[in-house]
Amino acid sequence: MAAQAKPPGDYRPTVLLGAMSVFISYTDRINISIAVPAMVEEFNWDNSRSGVVLGAFFWGYILTQVAGGVLSQRFGGKYVLVAAVLMWSAMTLLTPMAARVGHANGGSITLLVLVRILTGVGEGAGFPAMMSVFGRVVPKAHYSRSIGLSQLMVNLGTVVALYVSPHLIKQAGWPSVFYAFGLLGFLWAPLWLWFALPGSGVDTVENEEGSHGSEASRRPIPWPQIWSSRAFLAIVGLHFGNNWLGFALGTWFPTYLHAGLQVSMEDLGLTMVPYVAKGAMSLAALRWGDQLVYMIFRTGATGTGPNASKRVRQTAVLPSSIIIASLIALIPFLDSVTLCILCVAISFCFQVCHAFHPSTLAVGHRHLTDRLFLQSLVECCGFNVNILEVAPTFAGPVFGVSNSIACIPGMLGVPLNGRLLDILGDGQNGASYAGWRAVFWLAAGIYFGAGASYTWNCEATVQIS
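Residues numbered from 1 in each chain as written. Predicted model: local features only at pLDDT ≥ 70, side-chain atom pairs only at ≥ 80, totals over all residues. Heavy atoms only, no water.

As for the overall build of the protein
Along the protein, the regular secondary structure elements total 18 helices and 0 strands. Among the 465 residues that make up the protein, the fraction classed as buried is 54%. Total accessible area computed for the protein in this model is approximately 19200 Å², and 66% of it derives from carbon and sulfur atoms. (Helix = DSSP H or I, 4+ residues; strand = E, 2+ residues; numbered from the N terminus. Buried < 20%, exposed > 50% of the residue type's maximum accessible area, 1.4 Å probe, protein only. Areas by Shrake-Rupley, 256 points an atom, 1.4 Å probe, with all protein chains shown as cover.)

As for a nonpolar patch on the surface
A surface patch of nonpolar side chains, amounting to about 390 Å² of accessible area, comprises Leu 94, Met 97, Val 101, Leu 111 and Leu 114. Listing elements by their share of the nonpolar patch, those giving two or more residues are helix 4 (77-104) and helix 5 (110-137). Mapped onto the elements, Met 97 comes out in helix 4. (Patch = residues over 30% accessible without salt bridge, like charges linked within 9 Å, V, L, I, M, F, W, Y side chains within 5 Å. Salt bridge = Lys/Arg side-chain N within 4 Å of Asp/Glu carboxyl O.)

Side note on unusual backbone geometry
In this model, Asn 44 sits at a positive phi of 60°, which is unusual for a non-glycine residue. For Asn 44, the location among the structural elements is in the loop between helix 1 (12-43) and helix 2 (47-61). Its relative accessible area of 52% is what places Asn 44 among the exposed residues. Not every positive phi belongs to a glycine, and Gln 262 is a case in point at roughly 60°.

Things to note about the packing of helix 2 against helix 5
Running from N to C, helix 2 and helix 5 cross one another at 40°; their axes reach a closest spacing of 6 Å. By the angle between their directions, the pair helix 2 and helix 5 is classed as oblique. For the crossing formed where helix 2 meets helix 5, the hand is right-handed. Contacts from Val 52, Val 53, Ala 56, Phe 57, Trp 59, Gly 60 and Tyr 61 of helix 2 reach helix 5 at Leu 112, Val 113, Arg 116, Ile 117, Thr 119, Gly 120, Val 121, Glu 123 and Gly 124. Considering only residue class, the contact of helix 2 with helix 5 consists of 10 nonpolar, 4 polar and 2 charged. (Axes fitted to C-alpha atoms, helices over the stretch in contact; angles between N-to-C directions. Parallel < 35°, antiparallel > 145°, perpendicular 65-115°, else oblique. Left-handed = near helix turned anticlockwise from the far one by under 90°. Contact = heavy atoms within 4.5 Å. Nonpolar A, V, L, I, M, F, W, Y, C, P; charged D, E, K, R; others polar.)

As for the nonpolar core
Judged by nonpolar contacts, the single largest core of 66 residues is most densely connected at Met 39, Trp 174 and Tyr 256. One finds Val 22, Trp 88, Val 154 and Ala 189 within the second-largest nonpolar core, a separate group that totals 29 residues. (Core = buried A, V, L, I, M, F, W, Y, C linked by side-chain atoms within 4.5 Å.)

Digging into the environment of His 239
Tracing the sequence through the fold places His 239 in helix 10 (residues 230-260). In this structure the C-alpha to C-alpha distance between His 239 and Ala 406, which are 167 residues apart in sequence, comes to 5.9 Å. At a separation of 2.8 Å, a polar atom in the side chain of His 239 contacts the side chain of Ser 402. (Polar contact = N/O pair within 3.5 Å; in protein donor to acceptor, adjacent residues only side chain to side chain.)

Section: helix 4
For helix 4, built from 28 residues, the straight-helix expectation of 40 Å at 1.5 Å per residue is met to within 8% by its first-to-last C-alpha distance of 40 Å. Along helix 4, the largest kink reaches about 45° and is centred on Leu 94; proline Pro 96 follows within four residues of it. Two residues or fewer past helix 4, Gly 106 is found with a positive phi of approximately 80°. (Expected span 1.5 Å × (residues − 1). Bend = angle between axes of the 7 residues up to and from the residue.)

Things to note about the environment of Ser 320
Relative to the helices and strands, Ser 320 resides in helix 12 (residues 305-330). Residue classification places Ser 320 among the buried positions, given a relative accessible area of 3%. Considered as a pair, Ser 320 and Phe 350 are 30 residues apart in the sequence and their alpha carbons are 5.8 Å apart.

Notes on the pattern of salt bridges
Considering all chains together, one arrives at 3 salt bridges under this definition. Put simply, Arg 12 and Asp 10 hold a salt bridge, and the shortest N to O gap is 3.1 Å. On the accessibility criterion, Asp 10 (38% relative accessible area) is partly exposed. Residues Arg 100 and Glu 42 are paired through a salt bridge, measuring 3.1 Å at the closest nitrogen-oxygen approach. Placement of Arg 100 in helix 4 and of Glu 42 in helix 1 is noted, with a sequence separation of 58 residues between them. Here Arg 100 falls in the partly exposed class, since its relative accessible area comes to 39%.

Focus: the state of the cysteines
One pass over the full model with this rule turns up 0 disulfides. Sulfur of Cys 343: no disulfide; nearest cysteine sulfur belongs to Cys 340 and is 6.6 Å away. Given the relative accessible area of 6%, Cys 343 is considered buried. (Disulfide = S-S within 2.5 Å.)

Overview of the packing of aromatic side chains
This structure, assessed with the given rule, holds 17 aromatic pairs. Taken together, a centroid distance of 6.2 Å and an interplanar angle of 70° make the contact between Phe 333 and Tyr 433 edge-to-face. Within this pair, whereas Phe 333 is found in the loop between helix 12 and helix 13 (337-353), its partner Tyr 433 is found in helix 18 (residues 433-457), the two being separated by 100 residues in sequence. A relative accessible area of 46% means that Phe 333 is categorised as partly exposed. Measuring from centroid to centroid gives 5.9 Å for Phe 333 and Trp 441, while their planes differ by 40°, and the two rings are tilted. With Phe 333 in the loop between helix 12 and helix 13 and Trp 441 in helix 18, this residue pair connects regions lying 108 residues apart in the sequence. Assessed through its relative accessible area of 41%, Trp 441 is described here as partly exposed. (Phe/Tyr/Trp six-rings, centres within 6.5 Å; stacked < 30°, edge-to-face > 60°.)

A closer look at the confidence of the model for the protein
Low pLDDT means the predicted coordinates in that region are not meant to be read closely. Across the protein, pLDDT averages 80, with 76% of residues at or above 70. Per-element confidence in the protein ranges from a low mean pLDDT of 39 for helix 14 (residues 368-377) to a high of 96 for helix 7 (residues 175-195). Across residues 1-6, confidence stays below pLDDT 50; counting only partners more than four residues off in sequence or on other chains, it has 16 contacts. Predicted confidence is poor over residues 355-381, with pLDDT under 50, and the contacts of this stretch with residues over four places away or in other chains come to 77 contacts. (pLDDT = per-residue confidence, 0-100.)

A word on helix 10
In the structure, helix 10 departs most strongly from a straight axis at Trp 252, where the bend amounts to approximately 45° and where the proline Pro 254 lies between one and four residues downstream. Burial of helix 10 is extensive: 24 of the 31 residues sit out of reach of the surface. Of the residues flanking the end of helix 10, it is Gln 262, one or two places downstream, whose phi is positive at about 60°.

Next up, the structure:
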């Protein structure tokens, strides 16, 4: 099948502005975790209410994961993305009003929860729309770098939100966090509409599998085979465990430092340190990852072929899962803020170890660095790439299922943690040592279980066809 020509024009402004939409998305997603301690003080919420507010975003986010891609296919990713950004930005600006209106009406959080759900609805459509545009306007040789830049913005947006938010709260109060970051989307939108290429129409990527690939894409999805595959369930488990840990730390760790270790509001910017460390480790993977993988294979200890790929993955995932779980479980025993942050930072760095994925060897040395760059900047546990090995023909729906299930830790896990803090606490918003221990131990246990299950059941060959 011959590829159609890419749309005329320079694709680079489209890539840069698309990546900036990811940056804005993560600042608007993360800022509430810093604002919640101040909101708790004003509205006198217990931890259960805080958990519902923090988790509401994910109820909306899961709704548009697939819909965003479908709408982009029909109407063009350029316009779906700008609509998504404007929607979540508007909801971000409305967040303070929703919180205060609810509080004035009997302390209700219903309106605030609705606004947070709609924020998630907008953000859920954003990334699929951006990927749709990239697939149509970016030359194939530049896919990895373009997507890698957008993934780098995930980390950068998180770091900026965690660093800037405490200072905004100190100077102008917690509503300023939502006003400042919510405004970014409205500044971005006219630039996107003016400079971005259309990104609509038929996919321009040439199908390297030819007519066979076209026929495969029309085959019915083998759902029974997918759900009965131990390798698929292992991937879903690792994705779930990774997100449970990430959401628990992302939403509750600032509250733990503020309420549990008495860290001042302005010093909560220290929570950015683990994300800086993770970004640095990811860049190290870009620079030295290929030498490490080849060094492992030269030893001959893992053998050759698919079994070698599987053994290297097992060697990376299980030890790093043990280390990460141990560090997280240690946090409630530490009185030092520095040591707590160090434990989280080291655990994030060990997550990147999973990015040294041996399947890159299959595509040849000239593509190895690009693949490591992409893998090290995506969630670094190898499950995304493993999907391509286990279900290459049906990677899209398999990833969609995995990503949807991986939203459950945000939808249910974040509120559950708040409930645990209240049940094991000592009164209104009085989370006790036992409560925080339960939160961190639960996250560590789920993460370790997911890593152990993945190590036992993972495969490096086609299981779903």
